[in-house]
Amino acid sequence: EEEFKWLLQEEVHAVLRQLQDILKEASQRFALPTSGSGGAVKQENFVLSASGADQVKGVMTLQGDALCQADVNLKMPRNNQLLHFAFREDKQWKLQQIQDARNHVNQAIYLLMNRDVNYQFKTGLEVLKLMDAVMLQLSRARNRLTTPATLTLPEIASSGLTKMFTPALPPDILVNFYINLNKLCLTVYQLHVLQPSTIKNFKPAGGSVLHNPGAMFEFGSQRYEVSHVHKVECVVPWLNDALVFFTVSLQLCQQLKDKISVFSSYWNYRPY
């Protein structure tokens, strides 16, 4: 009983402090403040490339959760024509996955700070509930980075991203940006129009993170088929850091839950 009291009063708070420290580090990775600039978020340039292919090359500028510049060169396979397009100067693209992950981390920190050092935990169940709530936020944060949204091709075609570029994207090109684990990814789809006389069975493709050549869809009054897909990516080191912090934090939460459960099962099964 004395040991369990000590666990509730001392060790739980020690773990909560440790979790707060780790998650504040994680949160700072997302904010990326630069020293001495009034908290402004620094810009980072990333070169996107694919191993063994040079059809698409790009340089992206990431500022926190926003892509503020994108410069893309695309070599068309049919005629080796080189296309170049970049974000308009007045445009930037919010990466919702990063924004959501940061919000979940901050929610986890808020839950932990709600139980300050003077707070007295009365029961093991109370600690278990807190750990479950924190773990839920951390799992959601991790899932936002590890699980990109599945989109249909018409959703990509009607996305605001297609209107970000100058010169305007040709009608037979679609682009999509997303985060996958610790990587920033750009997918470029080249399309060809399906003629009304085509004998192909038209089957519109459903939602997917990455559509393959042969995928068909209808947009406006035209039917299209994906002829080529190019995916280029780069590692974003601070996203890697954040994922490591999530893993360590989840392990700490689970270890505390396991200790509490051992004591709880002892109380439930001790002989009278």
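No experiment lies behind these values; they were computed from the predicted model shown.

Rules of the game
Residues numbered from 1 in each chain as written. Predicted model: local features only at pLDDT ≥ 70, side-chain atom pairs only at ≥ 80, totals over all residues. Heavy atoms only, no water. Helix = DSSP H or I, 4+ residues; strand = E, 2+ residues; numbered from the N terminus. Axes fitted to C-alpha atoms, helices over the stretch in contact; angles between N-to-C directions. Parallel < 35°, antiparallel > 145°, perpendicular 65-115°, else oblique. Left-handed = near helix turned anticlockwise from the far one by under 90°. Contact = heavy atoms within 4.5 Å. Nonpolar A, V, L, I, M, F, W, Y, C, P; charged D, E, K, R; others polar. Expected span 1.5 Å × (residues − 1). Bend = angle between axes of the 7 residues up to and from the residue. Core = buried A, V, L, I, M, F, W, Y, C linked by side-chain atoms within 4.5 Å. Buried < 20%, exposed > 50% of the residue type's maximum accessible area, 1.4 Å probe, protein only.

A. A look at unusual backbone geometry. Here the bond from Thr166 into Pro167 is cis, since omega is -10°, no more than 30 degrees from zero. The residue Pro167 is located in the loop between strand E6 (165-166) and strand E7 (173-180) in this model. One non-glycine residue, Leu181, adopts positive backbone phi at about 60°. Within the secondary structure, Leu181 is located in the loop between E7 and strand E8 (183-193).

B. View of the packing of helix H1 (residues 2-31) against helix H2 (residues 96-113). The interhelical angle for the contact between H1 and H2, taken along N-to-C directions, is 155°, at an axis separation of 9 Å. With respect to H2, the element H1 is oriented roughly antiparallel. In this structure, the crossing between H1 and H2 has a hand that is left-handed. Between H1 and H2, the residues in contact are Leu16, Leu19, Gln20, Leu23, Lys24, Ala26, Ser27 and Phe30 and Ile98, Ala101, Arg102, Val105, Asn106, Ala108, Ile109, Leu112 and Met113, respectively. Residues that form the contact of H1 with H2 fall into these classes: 12 nonpolar, three polar and two charged.

C. Main features of H1. Compared with an ideal rise of 1.5 Å per residue, which puts 30 residues at 44 Å, H1 spans 43 Å between its outermost C-alpha atoms and is within 8% of the ideal. Of all the bends found along H1, the most pronounced is centred on Leu8 and spans about 35°.

D. Structural context of the nonpolar core. One finds Phe30, Phe177, Leu186 and Phe246 to be the most contacted residues of the largest nonpolar core, which totals 68 residues. In terms of residues, this core owes the most to one element, helix H5 (residues 237-269), which gives 12 residues. Among residues more than four places away in sequence, those in contact with Phe246 are Ala26, Phe30, Val105, Leu138, Ala141, Arg142 and Leu145.

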